Amino acid sequence: MGLWVVLYSFLSAGAVSLALTPRIRDFALKRNIIDNSQSSRKIHKTRIPRLGGLAIFTGTLAGLGVALATGLADLQSPLLTWPKVVGLLVGGMMIAGLGLVDDLRGVRPRTKLCIQLIVSVFVVAIGFRIDKIAIPFSDPIPLGYLGLPLTVFWIVGIINALNLIDGLDGLAGGVALIGAITNLVLVGLRGDVLSMALMATLAGAIMGFLFYNFHPASIFMGDTGSMFLGYSLATTSLIASTKSATTVAFFVPIVMLGLP
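Residues numbered from 1 in each chain as written. Predicted model: local features only at pLDDT ≥ 70, side-chain atom pairs only at ≥ 80, totals over all residues. Heavy atoms only, no water.

Digging into the overall build of the protein
Looking only at helices and strands, one finds 9 helices and 2 strands in the protein. Taken over 260 residues, the protein has a buried fraction of 54%. Pairs at least 24 apart in sequence give 76% of the contacts found in the protein among residues at least 6 apart. With an accessible surface of roughly 12,200 Å², the protein has 69% of that area assigned to carbon and sulfur atoms. (Helix = DSSP H or I, 4+ residues; strand = E, 2+ residues; numbered from the N terminus. Buried < 20%, exposed > 50% of the residue type's maximum accessible area, 1.4 Å probe, protein only. Contact = heavy atoms within 4.5 Å. Areas by Shrake-Rupley, 256 points an atom, 1.4 Å probe, with all protein chains shown as cover.)

Observations concerning the environment of Lys 84
You can see Lys 84 is positioned in helix H3 (residues 82-104). C-alpha separation for the pair Lys 84 and Phe 128, spaced 44 residues apart in sequence, amounts to 8.7 Å. Among all residues touching Lys 84, those that are not within four sequence positions of it are Ile 126, Gly 127 and Phe 128.

A closer look at empty space enclosed by the protein
One pass over the structure, following the stated rule, counts 1 cavity of 30 Å³ or more. Of the voids in this model, the largest cavity is the one considered here, and its volume is about 130 Å³. If you go around the largest cavity, you meet 13 residues; those closest to its centre are Leu 88, Leu 89, Leu 198, Phe 228 and Ser 232. If you list the elements that add at least two residues to the lining of the largest cavity, you get helix H2 (53-69), H3, helix H7 (193-213) and helix H8 (222-240). In terms of residue count, the dominant contributor to the lining of the largest cavity is H8 (5 residues). Of the residues in the lining of the largest cavity, the class split is 8 nonpolar, 5 polar and no charged. (1 Å grid on protein atoms, 1.4 Å probe; cavity = no way out; pocket = protein on both sides within 12 Å on 5 of 7 lines; lining within 4 Å. Points joined across faces, edges and corners; volume = space filled by probe spheres on them. Nonpolar A, V, L, I, M, F, W, Y, C, P; charged D, E, K, R; others polar.)

As structure tokens, then:
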């Protein structure tokens, strides 16, 4: 039953994202919410709308709603509890809201950084933290008080790394999809169905959007999507980073984001 719930969550998130993306694209074109092609990080000269991140965020919510409706709330998880899932969603809403305002009106970099720091501290407060780092063939290194600033730096860093690489067709979404699938495999090896559903929902929402974002892209995710996906990748990596998997889960996003 649990694996079926994961599949339903993935498919529903993908279907909602796939259906919403062209509608958001048309809306953004009509309202002239267009990506800045003059940026040095852009290669496009045509009018390409942003706001695709709204489809990813809505698809994620839809997938988790299906998970609840199909009985996932009754499942136990050694890594997650539903209050923590709700806490992650609250943080995700704050980050997606920040990105949406930035897409529509623009937000000063200092203001964005302050809000990202507040959300990151909130994530630590609800129970997600890097307490130790495992080293192959050696004992884990406890971080002690360094765990708090390192966790905050990790979350803020990944948020902004995804934000910076959004602009090439499929790049930011592809990186986030690989991260979500990697974390899905890591928690799947431990049989943690609740965590699997969370990762699968995120992966499905990204895949639905990527259908319109692969070359030639007809829409970009904008700051709404890139910051939400950066936040999601950072926090789900913390969920997957336990015991023997810590080294893999911690360094896979670093390797993926190294070149960008």
